[in-house]
Amino acid sequence: NAGVMQNPRHLVRRRGQEARLRCSPMKGHSHVYWYRQLPEEGLKFMVYLQKENIIDESGMPKERFSAEFPKEGPSILRIQQVVRGDSAAYFCASSPWDRVAKNIQYFGAGTRLSVL
Amino acid sequence: SQQGEEDPQALSIQEGENATMNCSYKTSINNLQWYRQNSGRGLVHLILIRSNEREKHSGRLRVTLDTSKKSSSLLITASRAADTASYFCATDVGNKLTFGGGTRVLVKP
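Cut-offs used in this document
- Each chain carries its own residue numbering, running from 1 in the direction its sequence is written.
- Going through the entries in the order they are written, you letter the chains from A and number the ligands from 1.
- Local features in a predicted model are, by the rule used here, given only for residues with pLDDT of at least 70; side-chain atom pairs are given and counted only at 80 or more, and totals for whole chains, interfaces and linings are based on all residues.
- For side-chain calculations, the full set of non-hydrogen atoms in the structure is used, while hydrogens and water are omitted.
- Helix and strand definitions follow DSSP, with helices as H or I runs of at least four residues and strands as E runs of at least two, each counted in order from the N terminus.
- Residue burial is assigned from relative accessible area. The probe radius is 1.4 Å, only protein chains are included, and a residue is buried under 20% of its type maximum, exposed over 50%, and partly exposed in between.
- In this scheme, strands are said to pair when DSSP sees at least two bridges between them.
- A pairing counts as a salt bridge when a side-chain nitrogen of Lys or Arg comes within 4 Å of a carboxyl oxygen of Asp or Glu.
- Pairing of aromatic side chains requires ring centres within 6.5 Å, counting the rings of Phe and Tyr and the six-membered ring of Trp. Pairs whose planes differ by under 30 degrees are stacked, by over 60 edge-to-face, and all others tilted.
- Contact definition: two residues touch when any of their heavy atoms are within 4.5 Å.
- Reported buried area values correspond to the accessible surface (1.4 Å probe) lost by two parts on association, with both partners' losses combined.
- Throughout this description, a polar contact denotes any pair of N or O atoms lying within 3.5 Å of each other; where both atoms belong to protein, one of them has to be capable of donating a hydrogen while the other can accept it, and for residues adjacent in sequence the pair is counted only when both atoms sit in side chains.
- Polar here means any residue outside two lists: the nonpolar Ala, Val, Leu, Ile, Met, Phe, Trp, Tyr, Cys and Pro, and the charged Asp, Glu, Lys and Arg; Gly therefore counts as polar.
- Side-chain atoms within 4.5 Å are what join buried Ala, Val, Leu, Ile, Met, Phe, Trp, Tyr and Cys residues into a set we call a nonpolar core.
- A fitted line through C-alpha atoms represents every axis, and for helices the fit uses only the stretch in contact; the resulting angles, taken between N-to-C directions, go from 0 to 180 degrees.

Visitor: Can you help me understand unusual backbone geometry in this one?
Guide: Most peptide bonds are trans, and most residues other than glycine sit at a negative phi. The omega torsion across A:N7 and A:P8 is 0 degrees, close enough to zero to call that bond cis. Along the polypeptide, A:P8 turns up in the loop between β1 (5-7) and β2 (10-13). A cis amide bond links B:D7 with the next residue in sequence, B:P8, at an omega value of 0 degrees. The residue B:P8 is located in the loop between β1 (4-7) and β2 (10-14) in this model. Even without being a glycine, A:E52 presents a positive backbone phi close to 65 degrees. Within the secondary structure layout, A:E52 lies in the loop between β5 (43-50) and β6 (53-56). Relative accessible area serves as the criterion here: at 55%, A:E52 is assigned to the exposed category. Positive phi, close to 45 degrees, is recorded for B:A78, a residue that is not glycine.

Listed below in structure tokens is the structure:
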């Protein structure tokens with residue numbers, strides 16, 4: 001059973017470009033979470049999704065950021081018109097329905113976004 | 001401000017010594033978890049302690065929870081070089097985990 005797969009592992013974008021980060025949850029997991037980590041800091045929650053639904057997006061910036069988890073395919077975190085402050089590591093986590101109550105989440109290796 | 005705050009921010013010890021780190025939080029919790037992050041990698045779940053538990057063990061890990069003080073500690077006994085990593089406490093608030101800033105542990109061989 002493969003773990004949470006994120007790609008790309010590293011992404012370089014110029015200011016104003018779009019960044020698309022993909023996350024395939026563990027097999028059988030229907031809950032996906034996105035977190036952002038700035039250097040030397042802990043992870044900050046961004047958004048929680050179930051298949052085709054955004055459950056909690058309280059940590060998402062109001063502009064330029066969006067997330068989806070379609071019925072088929074990976075979850076996508078999309079950042080439009082990137083700025084240097086978007087440079088960070090973005091982590092995806094997943095959990096199966098029976099772990100949701102305990103909130104044990106399984107993390108991917110992250111995508112490191114660098115904005116030039 | 002962060003829900004969880006770890007202390008110390010950094011810790012350097014010799015192999016074989018014990019490493020202790022603490023976490024304080026602000027609001028009521030259902031569970032508290034500890035995660036490890038190796039440099040450049042994702043987080044690995046270590047242990048979960050429920051709000052009605054006071055102490056829990058897993059291998060060389062010992063976690064305590066004091067809900068009256070809103071604090072938890074993680075003890076790694078007989079440390080190894082492979083324990084070098086950042087350690088984060090996380091509390092569950094609704095659907096999401098809230099992480100502290102982490103303790104960076106360096107175990108020297």
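Visitor: How should I be thinking about the pairing of strand β8 (residues 71-76) of chain B in this particular structure?
Guide: Here is the key point about a regular strand: its side chains alternate between the two faces of the sheet. Residue and element names in this part refer to chain B. Within β8, five of the six residues are buried, which leaves the element mostly enclosed by the surrounding structure. Examined bridge by bridge, strand β3 (residues 19-25) and β8 share six bridges and lie antiparallel to one another. Within β8, the residue paired with C23 across the bridge is S72. As judged from the six bridges shared by strand β7 (residues 61-66) and β8, these two strands associate in the antiparallel manner. Residue pairing in the sheet places R62 in a bridge with L75 of β8. The hairpin formed by β7 and β8 contains four residues between the paired strands, and K70 there has a positive phi angle of roughly 50 degrees.

Visitor: So what exactly am I meant to see when it comes to the pattern of salt bridges here?
Guide: A side chain of one charge can pair with a side chain of the opposite charge when the charged atoms of the two come close. Overall, the coordinates contain eight salt bridges over all chains when judged by the stated rule. The network of salt bridges with common partners includes A:E18, A:R20 and A:R78.

Visitor: Just to check I follow, could you spell out the packing of aromatic side chains for this structure?
Guide: Given two aromatic rings, one states the distance between the centres and the angle between the planes to describe the pair. Counted under the stated rule, the structure contains eight aromatic pairs over all chains. Measuring from ring centre to ring centre gives 6.1 Å for A:F107 and B:F99, while their planes differ by 75 degrees; the resulting arrangement is edge-to-face. Of this pair, A:F107 sits in strand β10 (residues 106-107) while B:F99 is found in strand β10 (residues 96-99), placing the two residues in two different chains. Judged by relative accessible area, which is 11%, A:F107 ranks as buried. Linked through ring pairs, A:Y35, A:F45, A:F107, B:Y35, B:F88 and B:F99 together constitute an aromatic cluster.

Visitor: How should I be thinking about the interface of chain B and chain A in this particular structure?
Guide: How big an interface is tends to be expressed through the accessible area that disappears when the partners come together. Each side of the interface is counted separately: chain B has 22 residues, and chain A has 24 residues. Summing both sides of the interface, chain B and chain A together bury roughly 1,700 Å²; the carbon and sulfur share of this comes to 49%. Across the contact surface, chain B and chain A share one salt bridge. One salt bridge in this structure joins B:K96 and A:D56, with 3.4 Å as the shortest N-O distance. Viewed at the interface, chain A and chain B are joined by seven residue pairs in polar contact (both at pLDDT 80 or more). Elements represented by at least two residues in the side of chain B that touches chain A include exactly β4 (31-37), β5 (43-50), β9 (85-93) and β10 of chain B. Split into classes, the residues belonging to the side of chain B that touches chain A amount to six nonpolar, eleven polar and five charged.

Visitor: How do you make sense of the nonpolar core when you look at a structure like this?
Guide: The nonpolar side chains of a soluble globular protein tend to be buried, and buried together. Within the largest apolar cluster, 23 residues are counted, with the highest numbers of intra-cluster contacts made by A:W34, A:M46, A:L77 and A:Y90. Secondary-structure elements contributing two or more residues to this core are β3 (19-24), β4 (31-37), β5, β7 (65-68), β8 (75-79), β9 (88-95) and β11 (111-115) of chain A. Setting aside residues up to four positions removed in sequence, A:Y90 forms contacts with A:Q6, A:L21, A:Y35, A:R36, A:M46, A:F65, A:L77, A:I79, A:G110, A:T111 and A:L113. If you look at the next biggest cluster of nonpolar residues, it comprises 21 residues, including B:M21, B:I29, B:V63 and B:V105.

Visitor: Honestly, the sheet that holds β8(A) in this entry has me stumped. Any pointers?
Guide: Through backbone hydrogen bonds, the strands of a sheet pair up, either in parallel or in antiparallel fashion. Residue and element names in this part refer to chain A. With antiparallel pairing, the four strands of this open sheet are ordered in space as β1-β3-β8-β7. The open sheet has two free edges, formed respectively by β1 and β7, since each of these has just one partner strand. Mean inter-strand twist for the sheet, computed between neighbouring axes without regard to direction, equals 15 degrees. In terms of strand pairing, β1 meets β3 through three bridges, oriented antiparallel. Paired with N7 across the bridge in β3 is R22.

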